[in-house]
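Residue-level listing of the chains:
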Amino acid sequence: MLTAMLAAFLGGIILNLMPCVFPVISLKALGLLRHQSQAASARREGLGFLLGVLVTMMALAGILLAARAGGAAVGWGFQLQSPLVIALLSLVMLAAALNLLGVFEVGLTVQRVGAIDIQRGAFLRSALTGALAIIVATPCAAPFMASAIGYALVQPPAVALVIFFALALGFAAPFTLLSLFPPLARFLPRPGVWMDILKRGLAFPMLGAWAWLVWILAQQAGSSALAVVLAASVVLAFAGWLYGMAQQRRFAGKGHKALFSVTAILLIAVIAPLPGLIKPGAALQGDMQAQVSKQTWTPQAVAAQRGHGKAIFVDFTASWCITCQVNEKTSLSTQAVKTALAKTGTLYMVADSTKFNPDVDDVMSEFGQGGLPMYLVYPADGGPPKVLPQVLTPGIVVDALNQAAAKKT
């Protein structure tokens, strides 16, 4: 248990460096730079971030464990298997990008155009940033994380929650320590005019996250859901623009209540219909379907092919899994791996968990893996499969394929 706690803590720290978390983490970094000359404000932001991370992690872990106790085969990142969650997250990312670009300010008192009171609302804003960071972190599995989460999911609930708590502490630790111990902030660059440029520049990673989430939604729910979320994004952007104008009119002492009312109506019009319109459906046809050499994985398909003189490579993946997509581009789709697959006659199977697939989660639990990706190589002689690392290189895959093919019945 102590080993799993340490692995979870280290995995949480490394998770800050993963690409899926960067857009949100950059917001926290901006807050630290803004507050480094004000120790009390920095501590307030650090504690808010810590609280948001811990509460959200415990809530997600509690829902995950309750679902598994009820018989559902779900794992780390389960909420991203819901098209509705993906749609809502994409709108949150778009709103954050508009906020960073200065279209509107939210949660703070506007004292003058272009300047914000950083004392008020800092704790709540940081807590919400921490909550959002945890939610969007689930597509990534940092080193040490998979084994720790896999261990947690087969333990009693109390032990599992301790593991998830250690993961949350590790994730929040870097920014919390910088906030609570001002001397550490001396290593950060000093505040200045450049921060305003940086703030607007950070809007573009948020827009990238929005685009990525919209793409995932298209994979999960098809073109109808894609059209809905794109239309909702346009209306949300228009509402943000109106809200920004209302804030400026309020600052100037002019009438603004009508604009605020219109903004509220537009937000309701965007969010209220989503549960009825965003539903799992026929996904868009992607590159994976175009490659006829890849077979759809099922436990039955593996059982039928196993031990008949051919190795089997199974790619457990999902469109929302960042590490999966990176491995696909940097390793699995390379010419070296394609040549090795052809030379060894290996059967390539894809276990897609973009939409909820209980069979995938059952097999991942069987091998002690708490999150995607997972790669299994079954030897040609029908022996036990080998689990490959979550971060692949072409060499790792080629060697595993050659070893598996060499074991003939």
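Just so it is clear, the model here is predicted, and its values are computed rather than measured.

### Digging into the side chain of serine 126
Of note, serine 126 is situated in helix H5 (residues 122-137). A relative accessible area of 2% means that serine 126 is categorised as buried. Within the structure, serine 126 has its side chain in polar contact with the side chain of glutamate 45 (distance 3.0 Å).

### Structural notes on the packing of aromatic side chains
Here a ring pair, both rings aromatic, is described through the centre-centre distance and the interplanar angle of the planes. Taken as a whole and assessed by the stated rule, the structure comprises eight aromatic pairs. Summarising the aromatic geometry, the rings of tyrosine 243 and phenylalanine 260 are spaced 5.4 Å apart at their centres and angled 55 degrees between planes, so their arrangement reads as tilted. Here phenylalanine 260 lies in helix H10 (residues 257-271) and tyrosine 243 lies in helix H9 (residues 203-251), a separation of 17 residues in the sequence. Three or more aromatic residues joined by ring pairs make a cluster, and in this case those are Phe49, Phe171 and Phe175.

### Focus: the pairing of strand E4 (residues 312-317)
Of all six residues that make up E4, six are buried, and the element is covered over most of its length. For E4 and strand E5 (residues 347-352), the ladder comprises six bridges, and the chain directions are parallel. Across the sheet, aspartate 315 pairs through a bridge with valine 350, a residue of E5.

### Considerations on the environment of glutamate 45
Its place among the elements puts glutamate 45 in helix H3 (residues 39-69). By relative accessible area, glutamate 45 is classed as buried at 3%. Glutamate 45 sits 134 residues away from serine 179 along the chain, and the two C-alpha atoms are 7.1 Å apart.

### Quick notes on the UniProt feature "transmembrane region" (unreviewed entry) in the protein
As recorded in UniProt, the feature "transmembrane region" (unreviewed entry) lies at residues 6-25, 46-66, 86-110, 122-146, 158-181, 202-218, 224-246 and 258-278. End-to-end, the C-alpha atoms of residues 46-66 are 30 Å apart, and along that stretch the chain is 100% helix and 0% strand. Taken end to end, residues 258-278 is 86% helix and 0% strand, and its two terminal C-alpha atoms sit 30 Å from one another.

What counts and what doesn't
- Residues numbered from 1 in each chain as written.
- Predicted model: local features only at pLDDT ≥ 70, side-chain atom pairs only at ≥ 80, totals over all residues.
- Heavy atoms only, no water.
- Helix = DSSP H or I, 4+ residues; strand = E, 2+ residues; numbered from the N terminus.
- Buried < 20%, exposed > 50% of the residue type's maximum accessible area, 1.4 Å probe, protein only.
- Polar contact = N/O pair within 3.5 Å; in protein donor to acceptor, adjacent residues only side chain to side chain.
- Phe/Tyr/Trp six-rings, centres within 6.5 Å; stacked < 30°, edge-to-face > 60°.
- Pairing = 2+ DSSP bridges.
- UniProt positions renumbered as here; feature names shortened; annotations may be inferred.

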